[in-house]
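Residues per chain, in single letters:
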Amino acid sequence: MRVLKFGGSSVASPENIVKIKNIIADYDDTIVVVVSAFGGITDELLAAGALAAKQDIEYRNTLKTIENRHLSAIKTLIPVTAQSGLLSKVKSELNILETLLEGAFLIGEITEKLSDKIVGYGELLSSYIISEYFMSENMNCGYVDSRKLIKTFKANGKNNVDFKTTNANCTEHFNQSGKEIIVCPGFIASSKNGDSTTLGRGGSDYTAAIYAAAIDAEMLEIWTDVSGMFTANPKMVKQAKTIPHISYEEAMELSHFGAKVLYPPTIQPVLAKGISIVIKNTFSPEEKGTLITQSKNEKGKTVRGISHIGNMGLLSLEGPGMVGIPGISKRFFEVLSQADISVVLITQASSEHSICVGISADDIEKAKEVVNEAFVYEIERGRIRSVQPEKDLAIVALVGDNMKSHQGLSGKMFSTLGKNNVNIRVIAQGASERNISCVIDEKDVKKALNALHEEFFEENVKQLNLFVMGVGNVGSKFLNQIKLQRKYLKDNLKLNVRVIGISNSRTMIFDEKGIDLNSWEKTLASGEKAEKDQFFHQVNSLNFRNSIFVDNTASEAVSSTYRAYLGNSISVVTCNKIACSSNYENYATLKTLAREYNAPFLFETNVGAGLPIIDTLKHLIASGDKILKIQAVLSGSLNFVFNNFNDKTTFHDVVKQAQEEGYTEPDPKIDLSGIDVMRKILILARESGNVLEIDDIENKSFLPEESLKSENNEDFFKSLVKYESEFQDIYNKAAANNSKLKYVAQFQDGRASVSLQEIPKGHDFYNLEGSDNIVLFYTERYPNQPLIIKGAGAGADVTASGIFADVIRIGNF
């Protein structure tokens, strides 16, 4: 014999009730079917009672809605020829309900006894209609009112089950029924005097468990709208999976911490009997669901589930007068108990200086008042501080039988949260080690659950959430590279890269599920108005784990937002050189924020596009080497220009070609003036450990003064035409000396310079072709033969690949 319980969502409509009939039709043995009220009816009954007690005539409309729901279900489910008797019965019960509500309306109040009678009508009516429907379908079905079987008595203000009487009633009735299907209402019971009572929250589950234990059922099946218990709340963690097998203790821990499919007291009657429970989905009956048994699943994961309780508050009792004083804890908890305040979490410092408890935020002000009142004597004398409650908190918990004595779990949990800037307020772990709990800000719950789920359940697949600003030449190439490489990254590097936000100078878009990179241009064109500060606020409010801000612009205003991102544990990847070449104080602050908030700040493309120049430099420094001198051709743009400029071309035409092919900045003067190279050598000097400002760099410009002072590109290119003879003189002089022109940056002995130089044959720079860059690192380990890095140093593709590489670095941290 089995007991099946169907919840409110499972019986919310006639269509759902037909699904239930199809499910139970497949059972061969006798089954007891416990049903809840039609979905939403219990709330409607409570609302009607409250309105009646306030003498609000609106209760009649609510009652009418309740009546219509039930009569409509009858007319849909039952053949017309069989409706008469059932309609008469249901209307009779509804008339009694109306009388009860009218009584509450007339006296202007509702007693607990009256409330129990009113609210119980949901289950009473639904079970009667469902049993009649089964019989109309020629099923061997019987019906029993649970009030006849389950008896309760009052204790501590609550209805408690009289198990001796109840078990005897159940055994007698179910053994003599002779029916294959016995339908019963959940939630309702009766006192020894015959008054209607209810079993409280989770009452229908409890009813089913009582019946299962009384008749020694083979199994208790709880049918709901989800396919079992999940590794985390699937509404908050999209990757959450059903737990196939779980122990009673694990199920109770997860249920206590917010797993709504099971109410902890439900398990108690079957726990003593060792009866298994299975949680199934009414709407996907073919799915296996979750099996809950007495034995542990020894082959299961160490952590079986992650759950949370929201709307929590913290209350701390602390002060020097608590140390070594017996009875303080007793008084504290006694005060809360007498005020009917439930304590969810407890932690106490070993110094006995403080006791902290987690309670519902709804009770926090009440708790503050009663505790301060109870300890007023100690507070007035400064022995204990007045308690100050904290709100907007939540408890997150890891649960698993196999967590006991498993080393490193706590560290792994807290490290994962810390990496994602989730501040832990309180930590609690029981001696059984089945549960590790911590209190965090409620706004961080979604991020915390996803980060922990990724760490403990997702086979090391790490999700990176990207927010991209700037989708011009470089940015568009970057997005295309992500689109092409996503599958490879997931399959081989275990990285799931999603682009959540995109912005250009006009519009911006966000999609929490990830922007479709096949049509991002079209979506962005119809996005909301772009604004850099609003973009940051949206990124910060989404509060995703592993968030990365990618700046593909050359905007000083955008670079000024890096502090905000890093200060909120949002990593920054940028090809924008302005921040790292700004005043040293700003550069140092950004590096400090990155360390303090565990938010990587990567800017490899600031110096050599896709070349690993900064990364190599960092490895040299980290390994204990010391930089003696840096010589470099750091502008792919200028190298392209001077490799293509000769006596058969014009300087203007070559620069124009470089601009059109994307080798220069949108304003080519930034490249040709040497400012871009100055920024690059400044960044390398700083990354070598030197304090240097851009004004400290000597710049021997080859451009005429008029070109340097031009206010726009049109004037700049006109000046290049005007001074063509001077550029030809520079070229001819180098050619006469059998040399090539290269724009060289150098750093040595704390001094840096940039200039156009004649490079003779045999020099490492002489054969540098196209837009390639080259860097020579002279160090204590490479004093005579430098460490050389050489390769393409300009172009949208290689710059985008450098940005992409920085993103992957963060994913592998």
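Only a predicted model underlies this, so the values are computations on that prediction, with no experimental measurement involved.

Thresholds applied
- Residues numbered from 1 in each chain as written.
- Predicted model: local features only at pLDDT ≥ 70, side-chain atom pairs only at ≥ 80, totals over all residues.
- Heavy atoms only, no water.
- Helix = DSSP H or I, 4+ residues; strand = E, 2+ residues; numbered from the N terminus.
- Rg over C-alpha atoms; globule rule 2.2 N^0.38 Å.
- Buried < 20%, exposed > 50% of the residue type's maximum accessible area, 1.4 Å probe, protein only.
- Contact = heavy atoms within 4.5 Å.
- Areas by Shrake-Rupley, 256 points an atom, 1.4 Å probe, with all protein chains shown as cover.
- Lys, Arg positive; Asp, Glu negative; His and termini not counted.
- Charge placed at Lys NZ, Arg CZ, Asp CG, Glu CD.
- Pairing = 2+ DSSP bridges.
- Axes fitted to C-alpha atoms, helices over the stretch in contact; angles between N-to-C directions.
- Phe/Tyr/Trp six-rings, centres within 6.5 Å; stacked < 30°, edge-to-face > 60°.
- Parallel < 35°, antiparallel > 145°, perpendicular 65-115°, else oblique.
- Left-handed = near helix turned anticlockwise from the far one by under 90°.
- Nonpolar A, V, L, I, M, F, W, Y, C, P; charged D, E, K, R; others polar.
- Core = buried A, V, L, I, M, F, W, Y, C linked by side-chain atoms within 4.5 Å.
- Disulfide = S-S within 2.5 Å.
- Salt bridge = Lys/Arg side-chain N within 4 Å of Asp/Glu carboxyl O.
- Arc of directions from axis to C-beta.

What follows deals with the overall build of the protein. Looking only at helices and strands, the protein features 32 helices and 31 strands. Radius of gyration (C-alpha) of the protein: 37 Å, far over the 28 Å computed for a compact globule of 813 residues. The principal-axis extent of the C-alpha atoms belonging to the protein is close to 115 × 75 × 55 Å. Out of the 813 residues in the protein, the part that is buried amounts to 53%. Intrachain contacts of the protein at a sequence separation of at least 6 include 71% that bridge at least 24 residues. Total accessible area on the protein is roughly 35500 Å²; 47% of this is exposed by carbon and sulfur atoms. Side chains of the protein give 88 positive and 100 negative charges; the mean places of these two sets differ by 3 Å.

Our focus in this paragraph is the pairing of strand 21 (residues 507-510). Pairing of strand 20 (residues 495-503) with strand 21 involves three bridges; the strand directions are antiparallel. Residue Ser 503 lies in a different strand from strand 21, and its bridge partner there is Met 508. Where strand 20 hands over to strand 21, the hairpin turn is made up of three residues, counted between the paired strands. Where strand 21 meets strand 22 (residues 528-529), two bridges bridge the pair, whose relative direction is antiparallel. The residue of strand 22 that forms the bridge with Thr 507 is Lys 529.

On to the sheet that holds strand 14 (residues 343-348). Pairing in this open sheet of six strands is antiparallel, and the strands run 14-15-13-16-18-17 from one edge to the other. For this open sheet the edge positions go to strand 14 and strand 17 (424-429), each flanked by a neighbour on one side alone. If you compare each strand with its neighbour and ignore which way they point, the axes differ by 30° on average. Taken together, the five bridges between strand 14 and strand 15 (residues 354-360) define a ladder with antiparallel strand orientation.

In this fold, Asn 586 is placed in helix 22 (residues 584-596). Residue Asn 586 is classed as buried on the basis of its relative accessible area, which comes to 16%. Here Asn 586 is in contact with Arg 563 and Ala 579, once residues within four sequence places are set aside.

This paragraph deals with unusual backbone geometry. Here Asp 340, not a glycine, exhibits a phi torsion of approximately 60°, which is positive. One non-glycine residue with positive phi stands out, namely Lys 494, at about 55°. By secondary structure assignment, the location of Lys 494 is in the loop between helix 17 (473-493) and strand 20. Its relative accessible area of 35% is what places Lys 494 among the partly exposed residues.

This part takes up the packing of aromatic side chains. As enumerated under the stated definition, the model contains 24 aromatic pairs in all. Where Tyr 584 meets Tyr 587, the ring centres are 5.6 Å apart and the plane angle is 50°; that geometry is what we call tilted. Of this pair, Tyr 584 and Tyr 587 both sit in helix 22, separated by three residues, roughly a single helical turn. Taking the relative accessible area as the measure of exposure, Tyr 584 reaches 22% and is therefore partly exposed.

Running from amino to carboxyl end, helix 24 (residues 613-622) crosses helix 28 (residues 675-687) at an angle of 20°, the nearest separation of the two axes being 10 Å. The orientation of helix 24 with respect to helix 28, classified from their angle, is roughly parallel. Like other packed secondary-structure pairs, helix 24 and helix 28 cross with a definite hand, here right-handed. Facing Ile 613, Ile 614, Leu 617, Lys 618 and Ile 621 of helix 24, the residues of helix 28 in contact are Ile 683, Leu 684 and Glu 687. Within the contact of helix 24 with helix 28, the residues separate by chemical class into six nonpolar, no polar and two charged.

Moving on, we get to the nonpolar core. A general tendency of soluble globular proteins is for nonpolar side chains to be buried together. By size, the foremost hydrophobic cluster in this structure holds 73 residues, and its most contacted members are Phe 651, Ile 681 and Phe 702. Tallying contributions element by element places helix 28 first for this core, with seven residues. The contact partners of Phe 651, leaving out residues within four places of it in the chain, are Val 641, Phe 642, Phe 645, Leu 672, Phe 702, Leu 720, Glu 724 and Phe 727. Ranked by size, the runner-up nonpolar core spans 51 residues in total, among them Phe 6, Ile 78, Leu 100 and Met 139.

Right, let's talk about the packing of helix 8 (residues 163-176) against helix 9 (residues 203-214) for a bit. Across the interface, helix 8 lies against helix 9 with an axial gap of 9 Å and an inter-helix angle of 70°. The orientation of helix 8 with respect to helix 9, classified from their angle, is roughly perpendicular. Residue-level contacts link Phe 163, Thr 166, Asn 167, Cys 170, Thr 171 and Phe 174 of helix 8 to Tyr 206, Ile 210, Tyr 211 and Ala 214 of helix 9.

With that settled, consider the state of the cysteines. Applying the stated criterion across every chain yields a total of zero disulfides. Cysteine Cys 356 is unpaired, with the sulfur of Cys 438 as its nearest cysteine sulfur at 13 Å. The buried category is assigned to Cys 356, whose relative accessible area is 10%.

Below, the discussion takes up the sheet that holds strand 6 (residues 181-185). With mixed pairing, eight strands are arranged side by side in an open sheet as 3-6-2-1-9-11-12-10. The two strands at the open ends of the sheet, each matched to only one other strand, are strand 3 (141-143) and strand 10 (245-247). Averaged over all neighbouring strand pairs, the angle between strand axes comes to 20°, with direction disregarded. Alignment of strand 11 (residues 276-281) against strand 12 (residues 290-293), held across three bridges, turns out to be antiparallel. Its bridge partner lying in strand 12, Val 278 is registered against Leu 291.

Our focus in this paragraph is the pattern of salt bridges. Scanning all chains against the criterion turns up 36 salt bridges. Residue Arg 2 is joined to Glu 218 by a salt bridge in which the shortest nitrogen-to-oxygen separation is 3.2 Å. Separated by 216 residues along the polypeptide, Arg 2 in strand 1 (residues 2-6) and Glu 218 in the loop between helix 9 and strand 9 (219-224) bring together distant segments of the chain. One salt-bridge network, in which partners are shared between bridges, spans Glu 604, Asp 615, Asp 806 and Arg 809.

This part is about helix 26 (residues 651-660). The complete set of buried residues in helix 26 reads Phe 651, His 652, Val 654, Val 655 and Ala 658. Angular distribution of buried residues about the axis of helix 26 spans 170°; they occupy a single face of the element. As for helix 26, its buried residues are in contact with helix 25 (636-644), helix 27 (669-672), helix 30 (713-722) and helix 31 (724-736). Trailing helix 26 by a residue or two, Gly 662 shows a phi angle of about 85°, which is positive.

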